[in-house]
Amino acid sequence: DQIGDAAKKLGDASYDFAKEVDWNNGVFLQAPGSFQPLKALKAIDKMIEMGAAADPELLKKAADAHHKAIGSISGPNGVTSRADWDAVNAALGRVVASVPKQKVMDVYDAVKDITDPKVPAYMKSLVNGADAEKAYQGFLEFKDVVAANQVTTASAAATVPTGDKIGTAAKALSDASYPFIKDIDWLSDIYPKPLPGKTAPETLKAIDKMIVMGSKMDGNLLKAAAEAHHKAIGSIDATGVTSPEDYEAVNAALGRIVASVPKQTVMDVYNSMAKIVDPSVTNNMFSKVSPLDASSAAKGFYTFKDVVEAVQ
Ligand code: DGD
Ligand code: CLA
Ligand code: PID
Ligand code: PID
Ligand code: PID
Ligand code: PID
Ligand code: PID
Ligand code: PID
């Protein structure tokens, strides 16, 4: 297709730049400017809306392309192969073309709003500047091909199951865990801190398992989960906490996407995360909330998971 061909040209223009970026640099975990959690949440909300509008099949293929690209990483900078670099660009270009232009621009504008204007120049200063400019020129040509292949109307909303066992169980889980949710400091700057003692390649392994799980999920249910998060973001209070009803809808939606993949795929995520999350992290989280609320939430989760497993 045209986007695939254009991605090869983009690769010619951008792979030198890709090789020069230190993908293992911890700076990429930081907010791109001052820490503004509520504004950042707005930007993420725009990404969620764009994700929910995208073609689920093309999202899956993009996830697969990333999984494959992780498998061909080499060298100290963590760069993927030339062929996989091109495949990721092509897959993302197709995702972008599957949503109306305005949804893409809304993400750009919202991210711009939390990005310090000095950030792009700083990024450029870490690589060969001429190669960055060549890559950007390639991106400008690529985006014209994407725009020429772009849909103009958004896809239909997801179908949300009703009266299913997971929906019923989500009510009980939400009642048991909402007090805990209210105890958590959602606006804290602790969450974007690096995991103690873990390198980027180690962390990427666990993220790879999530990418694999995402790719196996039912596309309609994943879209429904994105829509539930978007709605929940719309009802947050000043501390960042969503309403009980929207919280329940998020739990139900997430239970359903978990049930749509094999148990082992879920356990692969859990086990790979358990390897990189030191018990000190969990204990620190626990120390900041009411222990009774946390254990009620945990009990609720362990009951919920049996219902999920039964329909999995
Ligand atoms: C950049 C963009 C990269 C900066 C990286 C910031 C992104 C951080 C994302 C953090 C979000 C949080 C997500 C994670 C959450 C974690 C949860 C726990 O360097 C601009 C200005 C605005 C920059 C900010 C907006 C970037 C938006 C990027 C997309 C958002 C996506 C995604 C997020 C991430 C998550 C993914 C899953 O646009 O951009 C560089 C540009 O900066 C440079 O400016 C451009 C002008 O816009 C353009 O008009 C033009 O002037 C150009 O061109 C210069 O510069 C000139 C000529 O016109 C060209 O023809 C050519 O010759 C060129 O020069 C060659 O040099
Ligand atoms: Mg990504 C984007 C890393 C998994 C879906 N992703 C980005 C970039 C960053 C990144 C490179 C955001 C920061 C930025 O804009 O830099 N993703 C990244 C990693 C992983 C991952 C490390 C780990 C596996 N992503 C992942 C998965 C999905 C996505 C699983 C779902 C399938 N990701 C996704 C989308 C988008 C990203 C939809 C974006 O739109 C965003 C992005 O790239 O926006 C431009 C700048 C970007 C780069 C350095 C990448 C190359 C960009 C072009 C080809 C050349 C460079 C031009 C110029 C020099 C700089 C960019 C200017 C900009 C205005 C265009
Ligand atoms: C400028 C000036 C003009 C020239 C110009 C110009 C540049 C405009 C630009 C630009 C626009 C632009 C847009 C970009 C958009 C990036 C969008 C990224 C979206 C990320 C998402 C992440 C996610 C997911 C995901 C799916 C999940 C939801 C999420 C489900 C259902 C200024 C050059 C024209 C870069 C969507 C993918 C996993 C949230 O206009 O003179 O330069 O860049 O998890 O959804 O699972
Ligand atoms: C524009 C203007 C509108 C019209 C429009 C428009 C276009 C927007 C577009 C577009 C946005 C867009 C985004 C693309 C992003 C590509 C990002 C590629 C990332 C590749 C990576 C590869 C890799 C790896 C990996 C992980 C490793 C690092 C690597 C570590 C830690 C402008 C059409 C709406 C194409 C990250 C995955 C293995 C490098 O908005 O008018 O057209 O395209 O090895 O991580 O090692
Ligand atoms: C400039 C002027 C214009 C011309 C121009 C220009 C240059 C702009 C540039 C540039 C922008 C730019 C951006 C780059 C972005 C790279 C993003 C990389 C993201 C990598 C990640 C990696 C990771 C992980 C991971 C998970 C870990 C955290 C991490 C935990 C819990 C100035 C040329 C346009 C290079 C996200 C995945 C392992 C961080 O604009 O005229 O030159 O470069 O380790 O999670 O640990
Ligand atoms: C233990 C001991 C026994 C008792 C027991 C026990 C506990 C086991 C547990 C547990 C398992 C477990 C699993 C959990 C799994 C969580 C998985 C999260 C996945 C996240 C994903 C994120 C993503 C996306 C997304 C889609 C994108 C890709 C991504 C596309 C196509 C120890 C109690 C049985 C909690 C998938 C969603 C946006 C990456 O066994 O005696 O306690 O918890 O962006 O994909 O867009
Ligand atoms: C298990 C054992 C196997 C069998 C199995 C199994 C089950 C795994 C499961 C499962 C995992 C799972 C995960 C669930 C997670 C629910 C998470 C809910 C999150 C809700 C949030 C709501 C909100 C917001 C929001 C953003 C705001 C904060 C809030 C800010 C900054 C165990 C079956 C495989 C259900 C976060 C979105 C508005 C609070 O593996 O043997 O069954 O379920 O307002 O952000 O303000
Ligand atoms: C213990 C012992 C057992 C019993 C038990 C127990 C307790 C465990 C616990 C607990 C675990 C736990 C975990 C918690 C996790 C909270 C995670 C919150 C994440 C929030 C985020 C917010 C954000 C943003 C956002 C984007 C911004 C960055 C942020 C940018 C660029 C010990 C009870 C089981 C509470 C990610 C979204 C706005 C950070 O196990 O016997 O009690 O709690 O602002 O992006 O700025």
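Going by the structure above, here's the rest.
Residues numbered from 1 in each chain as written. Chains lettered and ligands numbered in written order. Predicted model: local features only at pLDDT ≥ 70, side-chain atom pairs only at ≥ 80, totals over all residues. Heavy atoms only, no water.

Draft legend 1. Region of the structure containing the site of ligand 8. The environment of ligand 8 is made up of 18 residues, and the closest members are Phe35, Pro37, Ile44, Tyr191 and Phe286. Protein chains bury 65% of the 990 Å² of accessible surface belonging to ligand 8 in isolation. Broken down by class, the residue content of the shell around ligand 8 amounts to 16 nonpolar, two polar and no charged. (Near = heavy atom within 4 Å. Areas by Shrake-Rupley, 256 points an atom, 1.4 Å probe, with all protein chains shown as cover. Nonpolar A, V, L, I, M, F, W, Y, C, P; charged D, E, K, R; others polar.)

Draft legend 2. Inspection of the site of ligand 7 at higher detail. Every one of the 23 residues lining ligand 7 counts as a neighbour, but Gly240, Thr242, Asn251, Lys263 and Val308 are closest to it. Here an oxygen atom of ligand 7 and a backbone polar atom of Gly240 are 2.6 Å apart. For ligand 7, an oxygen atom lies 2.8 Å from a polar atom in the backbone of Thr242. In the complex, 81% of the free accessible area of ligand 7, which totals 990 Å², lies under the protein chains. At the level of elements, α10 (219–233), α11 (244–259), α12 (263–276) and α14 (291–311) are the ones that each hand at least two residues to the shell around ligand 7. Class assignment for the residues of the shell around ligand 7 results in 15 nonpolar, five polar and three charged. (Polar contact = N/O pair within 3.5 Å; in protein donor to acceptor, adjacent residues only side chain to side chain. Helix = DSSP H or I, 4+ residues; strand = E, 2+ residues; numbered from the N terminus.)

Draft legend 3. View of the pattern of salt bridges. Here the structure, examined in full by the defined rule, presents 17 salt bridges. Of the charged contacts, one joins Lys19 and Asp16 as a salt bridge, the two residues approaching to 3.8 Å between their closest N and O atoms. Taken together, the residues Lys19 and Asp16, both in helix α1 (residues 2–20) and three residues apart, mark about one turn of the helix. Assessed through its relative accessible area of 41%, Lys19 is described here as partly exposed. Sharing partners across several salt bridges, the network here consists of Asp16, Lys19, Asp131 and Lys134. (Salt bridge = Lys/Arg side-chain N within 4 Å of Asp/Glu carboxyl O. Buried < 20%, exposed > 50% of the residue type's maximum accessible area, 1.4 Å probe, protein only.)

Draft legend 4. Just the packing of aromatic side chains, in detail. Under the counting rule described, the total for this entry stands at four aromatic pairs. Each ring, one from Phe301 and one from Tyr302, has its centre 5.5 Å from the other, and the planes form 65°; the classification is edge-to-face. (Phe/Tyr/Trp six-rings, centres within 6.5 Å; stacked < 30°, edge-to-face > 60°.)

Draft legend 5. Structural detail: the packing of helix α2 (residues 37–53) against helix α5 (residues 101–112). Taken N-terminus to C-terminus, the directions of α2 and α5 make an angle of 165°; their axes are 8 Å apart at the nearest point. When the axis of α2 is compared with that of α5, the two are roughly antiparallel. When you trace α2 past α5, the crossing you get is left-handed. Judged by residue contacts, Ala43, Lys46, Met47, Glu49, Met50 and Ala53 of α2 engage Lys103, Val104, Asp106, Val107, Ala110 and Val111 from α5. Split by residue class, the contact of α2 with α5 holds eight nonpolar, no polar and four charged. (Axes fitted to C-alpha atoms, helices over the stretch in contact; angles between N-to-C directions. Parallel < 35°, antiparallel > 145°, perpendicular 65-115°, else oblique. Left-handed = near helix turned anticlockwise from the far one by under 90°. Contact = heavy atoms within 4.5 Å.)

Draft legend 6. View of α2. With 17 residues, α2 extends 24 Å between its outermost C-alpha atoms, agreeing within 8% with the 24 Å of an ideal straight helix rising 1.5 Å per residue. Those residues of α2 that sit buried are Ala43, Asp45, Ile48, Met50, Ala52 and Ala53. Looking at the packing, one finds that the buried side of α2 touches α4 (82–97), α5 and α10. (Expected span 1.5 Å × (residues − 1).)

Draft legend 7. Quick peek at α12. Taking 1.5 Å of rise per residue, 14 residues should cover 20 Å, and α12 covers 21 Å from first to last C-alpha, within 8% of that figure. Along α12, the positions that sit buried rather than exposed are Thr265, Val269, Ser272 and Ile276. Around the axis of α12, the buried residues are gathered within 75° of arc, so they sit on the same side. The secondary structure elements touched by the buried residues of α12 are α9 (200–216). (Arc of directions from axis to C-beta.)

Draft legend 8. Layout of the environment of Asp5. In this fold, Asp5 is placed in helix α1. The class for Asp5 is exposed, based on a relative accessible area of 51%. Between the alpha carbons of Asp5 and Phe286 there is a distance of 51 Å; along the sequence they are 281 residues apart.

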